[in-house]
Amino acid sequence: MTPNELMRATGCSYTAALAFASPITAAIQRWGVQRVPEFVAQWAYESKLFTKLEENLNYSATRIRDLAAQSKPGSRWASLGPRADELANNPRAFAEACYGGRMGNRPEGTGDGYIYRGRGLPQLTGRKNYQAYEGATGVKVIDSPGILIDPVFAADAAGWYWRTNNCEAIADDIEELTIRIHGGTWGLDQRYALTKLARVAFDPNSNVG
């Protein structure tokens with residue numbers, strides 16, 4: 001995949017395409033990805049067209065309350081609402097409150113929630129997921145989690161996640177694929193649009209509907 005092909009498939013900038021065309025190609029080959037348009041479209045959305053490789057946890061108090069209000073009652077996100085003023089504009093504290101004691105992380109206050117925040121194209125999150133990726137690849141992300149913002153490892157983690165979660169099998173169903181990748185249907189319309197763009201770019205005769 002050339003940078004120009006990645007630009008046509010996603011609408012990303014040339015700078016982003018130059019950084020990610022080769023790593024994405026390598027990940028596709030390494031992890032046996034066959035549904036390339038769907039693969040590229042999903043990760044393009046997750047990473048804001050290959051520009052966001054680390055989770056932004058710098059929320060205002062208003063935004064925290066809004067997110068809490070939109071979350072399921074009893075969920076971790078919902079529980080953050082009453083702590084909005086305490087956690088506002090403090091990424092470390094917010095990450096600890098949100099992710100501490102979850103996904104293999106040690107309890108809030110140990111640092112794991114912040115250390116193992118979302119990174120890479122799939123926004124890999126939590127010690128458990130970092131350990132799983134390290135175990136599958138040998139990449140030392142437990143001791144060096146920041147390596148996941150390198151395009152090579154950011155893309156490789158996406159290939160690993162795609163393969164591990166059997167995304168290939170449901171690639172025709174964009175909504176179900178989005179749920180499997182993101183956990184919900186956030187940005188579904190944009191994901192459909194990106195998938196259509198990528199399908200046409202990689203196969204001009206594609207029947208995209």
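Not measured: the values here are computed from a predicted model. (Residues numbered from 1 in each chain as written. Predicted model: local features only at pLDDT ≥ 70, side-chain atom pairs only at ≥ 80, totals over all residues. Heavy atoms only, no water.)

Caption draft 1: Region of the structure containing the side chain of R191. Take R191: it is sitting in helix α12 (residues 188–202). Residues within four places of R191 in sequence aside, it is in contact with Q42, Y45, E46, I174, T178, H182 and W186. (Helix = DSSP H or I, 4+ residues; strand = E, 2+ residues; numbered from the N terminus. Contact = heavy atoms within 4.5 Å.)

Caption draft 2: Quick peek at the pattern of salt bridges. As enumerated under the stated definition, the model contains 12 salt bridges in all. For the salt bridge of R35 with E38, the shortest nitrogen-to-oxygen distance reads 3.1 Å. The buried category is assigned to E38, whose relative accessible area is 2%. With its nearest N and O atoms 2.6 Å apart, the salt bridge here joins R35 to D172. With R35 in the loop between α2 (14–30) and α3 (36–46) and D172 in the loop between α10 (151–164) and α11 (174–182), the pair connects residues that are 137 residues apart, well separated along the chain. Given a relative accessible area of 22%, R35 falls into the partly exposed group. Since its relative accessible area comes to 61%, D172 is described here as exposed. Among the charged side chains, a network of salt bridges with common partners joins R35, E38, D172 and R199. (Salt bridge = Lys/Arg side-chain N within 4 Å of Asp/Glu carboxyl O. Buried < 20%, exposed > 50% of the residue type's maximum accessible area, 1.4 Å probe, protein only.)

Caption draft 3: How the structure looks around the packing of helix α1 (residues 3–10) against α12. Interhelical geometry of α1 versus α12 gives an angle of 140 degrees and a closest axis separation of 7 Å. What the angle tells us is that α1 and α12 run oblique. Residues R8, A9 and T10 of α1 pack against L194, L197, A198, A201 and F202 of α12. Here the residues of the contact of α1 with α12 sort into six nonpolar, one polar and one charged. (Axes fitted to C-alpha atoms, helices over the stretch in contact; angles between N-to-C directions. Parallel < 35°, antiparallel > 145°, perpendicular 65-115°, else oblique. Nonpolar A, V, L, I, M, F, W, Y, C, P; charged D, E, K, R; others polar.)

Caption draft 4: Structural view of the nonpolar core. Membership of the largest hydrophobic core comes to 44 residues, with the highest contact counts inside it found for L6, I24, F39, F50, L121 and W162. Mapped by element, the contributors of at least two residues to this core are α1, α2, α3, α9 (127–137), α10, α11 and α12. Excluding its chain neighbours within four sequence positions, the residues that come into contact with I24 are M1, L6, F39, V40, F50, L121 and A155. Core analysis: the second largest hydrophobic core is formed by 15 residues, Y59, I64, A88 and Y99 among them. (Core = buried A, V, L, I, M, F, W, Y, C linked by side-chain atoms within 4.5 Å.)

Caption draft 5: Broad picture of the layout of surface pockets. Considered as a void within the structure, the largest pocket measures approximately 1,600 Å³ in volume. Considering the residues around the largest pocket, the lining is formed by 37 residues, among which E46, E55, W77, H182 and W186 are closest to the centre. Contributing elements (two or more residues each) for the lining of the largest pocket: α3, α4 (61–70), α5 (76–79), α11 and α12. Of the residues assigned to the lining of the largest pocket, the class counts are 14 nonpolar, 14 polar and nine charged. (1 Å grid on protein atoms, 1.4 Å probe; cavity = no way out; pocket = protein on both sides within 12 Å on 5 of 7 lines; lining within 4 Å. Points joined across faces, edges and corners; volume = space filled by probe spheres on them.)

Caption draft 6: A look at the packing of aromatic side chains. By the definition in use, this model includes eight aromatic pairs. For the pair Y116 and Y130, a centre-to-centre distance of 5.1 Å together with 65 degrees between the ring planes defines the contact as edge-to-face. Here Y130 lies in helix α9 and Y116 lies in the loop between α8 (112–115) and α9, a separation of 14 residues in the sequence. For the pair Y116 and Y130, a shared accessibility class is recorded, and that class is buried. Members of the aromatic cluster, each reached through a chain of ring pairs, are F39, W43, Y161 and W162. (Phe/Tyr/Trp six-rings, centres within 6.5 Å; stacked < 30°, edge-to-face > 60°.)

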